[in-house]
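Below are the chains, spelled out letter by letter.
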Amino acid sequence: MNAVLDNLDLYFRGFGYTLFLFLASGVLSMVLGTLLVAFRVGPIAVLSKAAAFYVTMVRNTPLVIVFAFFSFAAPVLDIKFNWLQVRFGDFDLTAFFGAAVVSLSLYTSAFVCEALRSGVNAVPLGQAEAARAIGLPFSGVMTQVVLPQAFRASVPPLASVQIALIKNTSVAAVFGVAEAVSQMRTLTNSFSSERTAIFVAFAIGYIVLVELFSFAANRLERHWRIA
Amino acid sequence: MSASVLFDAPGPRTVARHRVYSVVAAVVLLAFLVWAVKRFYDAGHLEGDKWEVFVTPRFLEALLVDGVLETVKMAATAVAGAVVLGFVLGVGKMSDHGWLRWPAWAVVEFFRAVPVLLLMVFTWYALGIADDSSSYWAVVVALTLYNGAVLAEVLRAGVNAVPKGQAEAAYAIGMRKTQVMNIILMPQAVKIMLPAIISQCVVALKDTALGLYVAAPGLTAISRSIYLEFDNRVPTMFVTAMLYIVINLILTWLATLVQKRFVGEKKVLQVSMVGGAPDDTKTA
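Parameters at a glance
- Residues numbered from 1 in each chain as written.
- Chains lettered and ligands numbered in written order.
- Predicted model: local features only at pLDDT ≥ 70, side-chain atom pairs only at ≥ 80, totals over all residues.
- Heavy atoms only, no water.
- Salt bridge = Lys/Arg side-chain N within 4 Å of Asp/Glu carboxyl O.
- Helix = DSSP H or I, 4+ residues; strand = E, 2+ residues; numbered from the N terminus.
- Buried < 20%, exposed > 50% of the residue type's maximum accessible area, 1.4 Å probe, protein only.
- Axes fitted to C-alpha atoms, helices over the stretch in contact; angles between N-to-C directions.
- Parallel < 35°, antiparallel > 145°, perpendicular 65-115°, else oblique.
- Left-handed = near helix turned anticlockwise from the far one by under 90°.
- Contact = heavy atoms within 4.5 Å.
- Nonpolar A, V, L, I, M, F, W, Y, C, P; charged D, E, K, R; others polar.
- Domains from an automatic or database assignment.
- Expected span 1.5 Å × (residues − 1).
- Phe/Tyr/Trp six-rings, centres within 6.5 Å; stacked < 30°, edge-to-face > 60°.
- Lys NZ or Arg CZ within 6 Å of the ring centre and 35° of its normal.

## Notes on the pattern of salt bridges
Residues and elements named next belong to chain B. Evaluated as defined, the whole model comprises nine salt bridges over all chains. A salt bridge links lysine 93 to glutamate 153; the shortest N-O distance between them is 2.4 Å. Of this pair, lysine 93 sits in helix 3 (residues 57–93) while glutamate 153 sits in helix 6 (residues 134–161), and the two are 60 residues apart along the sequence. Residue lysine 93 shares its accessibility class with glutamate 153, and that shared class is buried. Two residues, arginine 156 and glutamate 153, come together in a salt bridge whose shortest N-O distance is 3.5 Å. Of this pair, arginine 156 and glutamate 153 both sit in helix 6, separated by three residues, roughly a single helical turn. Note on arginine 156: relative accessible area 31%, which makes it partly exposed.

## Looking at the packing of helix 3 of chain B against helix 4 (residues 98–113) of chain B
Residues and elements named next belong to chain B. Two elements in contact, helix 3 and helix 4, have axes whose closest approach is 7 Å; the angle formed by their N-to-C orientations is 130°. By the angle between their directions, the pair helix 3 and helix 4 is classed as oblique. In the packing of helix 3 onto helix 4, the handedness of the crossing is left-handed. Of the residues in helix 4, those touching helix 3 at Leu89, Gly92 and Lys93 are Leu100, Arg101, Ala104, Trp105, Val107, Val108 and Glu109. Among the residues forming the contact of helix 3 with helix 4, the class breakdown is six nonpolar, one polar and three charged.

## Description of the domain arrangement of chain B
Taken domain by domain, chain B holds domain 1 (10–43) and domain 2 (48–263). With centres defined by C-alpha atoms, the gap from domain 1 of chain B to domain 2 of chain B works out at 39 Å.

## A closer look at the packing of helix 3 of chain B against helix 6 of chain B
Residue and element names in this part refer to chain B. Packing of helix 3 against helix 6 brings their axes to within 6 Å, and their N-to-C directions diverge by 40°. The pairing of helix 3 with helix 6 is recorded here as oblique in orientation. Both helix 3 and helix 6 take part in a crossing whose hand is right-handed. Among the residues making up the contact of helix 3 with helix 6, the classes are represented as 18 nonpolar, seven polar and five charged.

## Description of unusual backbone geometry
Residues and elements named next belong to chain B. Phi at alanine 215 takes a positive value of approximately 55°, unusual for a residue other than glycine. With respect to the helices and strands, the residue alanine 215 is situated in the loop between helix 8 (177–207) and helix 9 (219–230). The backbone of aspartate 231 sits at a positive phi, close to 55°, despite the residue not being glycine. Locating aspartate 231 in the fold gives a position in the loop between helix 9 and helix 10 (233–263). The class for aspartate 231 is exposed, based on a relative accessible area of 52%.

## Focus on helix 1 (residues 12–42) of chain B
Over its 31 residues, helix 1 of chain B runs 45 Å from end to end, which matches the ideal 45 Å to within 8%, given 1.5 Å per residue. Contacts made by the buried residues of helix 1 of chain B are with helix 3 (45–59) and helix 4 (63–73) of chain A together with helix 10 of chain B. Glycine 44 of chain B, located one to two residues past helix 1 of chain B, shows a positive phi value of around 85°.

## Some details on the packing of aromatic side chains
Scanning all chains against the criterion turns up 22 aromatic pairs over all chains. Each ring, one from phenylalanine 22 of chain A and one from phenylalanine 213 of chain A, has its centre 5.6 Å from the other, and the planes form 90°; the classification is edge-to-face. Pair noted here: phenylalanine 22 of chain A is in helix 2 (residues 8–41) and phenylalanine 213 of chain A is in helix 9 (residues 195–224), with a separation of 191 residues, a long-range link. Given a relative accessible area of 25%, phenylalanine 213 of chain A falls into the partly exposed group. Measuring from centroid to centroid gives 5.4 Å for phenylalanine 67 of chain A and phenylalanine 175 of chain A, while their planes differ by 20°, and the two rings are stacked. Remark: phenylalanine 175 of chain A occurs in the loop between helix 7 (138–168) and helix 8 (180–190) and phenylalanine 67 of chain A occurs in helix 4; sequence separation between them is 108 residues. Per residue, the accessibility class of phenylalanine 67 of chain A equals that of phenylalanine 175 of chain A, and both read buried. One Lys or Arg, arginine 185 of chain A, reaches over the ring of tyrosine 213 of chain B and ends 4.4 Å from the middle of that ring. Lying across the ring of phenylalanine 262 of chain B, arginine 261 of chain B places its NZ or CZ 5.3 Å from the centre.

Below, the structure is given as structure tokens:
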């Protein structure tokens, strides 16, 4: 256990990066996913097809390849992250971090889109028909009848998607972000006799993050559940 | 008339307006595409010699045999192991005996909450990084443990999805607990589970790409050696992505087929906390 206890600063720095990655790409993926689902379920066929194509492509690509895209191909399109030089206490948020956030966000947004779409599909048609029948205009049907129900129905799948994102942040280790898994690999390399203790320590860190998030999501779900 | 929760059937003016939007959207998307292709062309990524590798039989063979086949082998081994593990853990979780149920629950929760990459790195070191085959087995073992835990949940959801009356009727005619499980519930649950298991294959296949971090063989490793030799990172990346996408689309298509054949119009099994699974948020 000493290997971890002596390097607690590395441990917490690792999970600090994990948390930063999760928060930044969590928010971004929700925004992008909402935009995508608006295109996806919207009335404009071209946008709907384009969004569906994007979702299918991204969902079937390994996250590693998405990361590779932003390391190799994105610079050609002038998408670079060299401008990112934020220092946040002990944390250096540099180009690698920026590329990781964008990769994670774009990848997760496809899943967010599907989660939100399943929420929209869960609203019974009769609800909208009844709302139109009593004379609500389009905005009223949306804001007072359809979207509140759709949003509630999509909380559990959205929570699953974000939990998957917490775990997916580990892929940033492959592309040069010093987050938890990369620290774990470094520590295991230097103290290979204590690898089990190191593994358990880092696993506990992830379990705490995942359980905290799913606890919050459960509370929200119960809070918003209708009857 | 298309019945939609979101929109009423559009009138003639709306149809005209949407047509304008469609044209504008198409032009914008096309412009972006043309711009992107032009950038890649200007940077020399679309030149023939960068792509020539992928039509050279020798390298194509390496890509398909040492790459795709190896990756599929890893994923298939892992899924086979995961089905067995998932069955054991799932049955354990449904046991009436606390001493069996709680450990099974703990194992499932542990492996579902831990990133696959963490498992991979640990297994890699545990098997000994000096050994050549250890990285292959690190990928397989890590994927088996993770997907096994997920499939345990799928099994439980599958058994729960069998109508209650089935088990009640079986008990009523005097069957014992194991008989109810083996003769009545399992055969029906497996049918319901099949599409979810195939979808899990997609997840396993995608996760084999993580083997990059533990120096495992497979598609990503072959791609790496190809672009290091020919300096064609961008084309290699596109080809690799395409190969993954094609295999996964075939699997997804298979899952849909099995769903239609065995389950019918019922919803695809929903299992929480497996956000990676491509089909778990799809509603029938």
